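# Commentary on secondary and tertiary structure
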Amino acid sequence: MTNWVEVCAADEIDEEDVIRFDHEGRTFAVYRSPDDQFFATDGLCTHEKIHLADGLVMDDIIECPKHNGRFSYKTGEAKGAPVCVNLKTYAVKVEAGSVFISLA
Ligand code: FES
C-alpha cells in the first residue's frame, strides 16, 4: 500500500538543493533538480552514514560532504569512490504546492 507522507511546501526547497526530512525514526533526503523536479532518497550515505542533506547538489548528482562520494539522486546509483552501494529512492509527488514522498 502506498503511504504518501507530506514533507514540506515545494517552495521550501530551492532548485538544485536538498533538504533533510526525518519521519518515524528514519531520515530521508529530498531534492529539487535544476529543471524543477523533485526526488527523494535515503538520507544517509551508504559509506559511513553521513547526512546527504549536508552535501552538494550538482545537476543530477548528490555529493556526500564527508569523502565526496557521489550518487545519482534520481536513480540512487553510486557514481564514484568511495561509495559502492546504491541509495534507495522513493517516489515523490507535488500536490497543492506541497511535496509528498511515498513510503511503502
Ligand atoms: S561517508 Fe559518504 S562518502 Fe564517505
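Above this text you will find the structure in question.
What comes next is a walk through the structure.

Scoring rules and cut-offs
- Residues numbered from 1 in each chain as written.
- Predicted model: local features only at pLDDT ≥ 70, side-chain atom pairs only at ≥ 80, totals over all residues.
- Heavy atoms only, no water.
- Phe/Tyr/Trp six-rings, centres within 6.5 Å; stacked < 30°, edge-to-face > 60°.
- Helix = DSSP H or I, 4+ residues; strand = E, 2+ residues; numbered from the N terminus.
- Buried < 20%, exposed > 50% of the residue type's maximum accessible area, 1.4 Å probe, protein only.
- Lys NZ or Arg CZ within 6 Å of the ring centre and 35° of its normal.
- Pairing = 2+ DSSP bridges.

## Comments concerning the packing of aromatic side chains
- Per the counting criterion, the structure on display carries four aromatic pairs.
- Taken together, a centroid distance of 4.6 Å and an interplanar angle of 10° make the contact between tyrosine 31 and tyrosine 73 stacked. With tyrosine 31 in strand 3 (residues 26-32) and tyrosine 73 in the loop between strand 7 (70-72) and strand 8 (78-80), this residue pair connects regions lying 42 residues apart in the sequence.
- Residue classification places tyrosine 31 among the buried positions, given a relative accessible area of 0%.
- Using a relative accessible area of 0% as the deciding quantity, one classes tyrosine 73 as buried.
- An aromatic cluster of at least three residues, connected via ring pairs, comprises Phe21, Phe28 and Tyr90.
- The ring of phenylalanine 100 is capped by lysine 93, whose NZ or CZ atom sits 5.6 Å from the centre of that ring.

## Digging into the environment of valine 7
- Summarising the element assignment, valine 7 is placed in strand 1 (residues 4-9).
- With 16 residues separating them in the primary sequence, valine 7 and histidine 23 have C-alpha atoms 9.0 Å apart.

## Structural notes on the pairing of strand 4 (residues 38-42)
- Taking burial as the measure, the five residues of strand 4 include four buried ones, the bulk of the element.
- As consecutive antiparallel partners, strand 3 and strand 4 are separated by five residues, and within that stretch aspartate 36 has a phi angle of approximately 70°, a positive value.
- Of the strand pairs in this sheet, strand 4 and strand 9 (residues 89-90) are connected by two bridges, and their pairing is antiparallel. When the sheet's bridge partners are listed, alanine 40 is paired in strand 9 with tyrosine 90.

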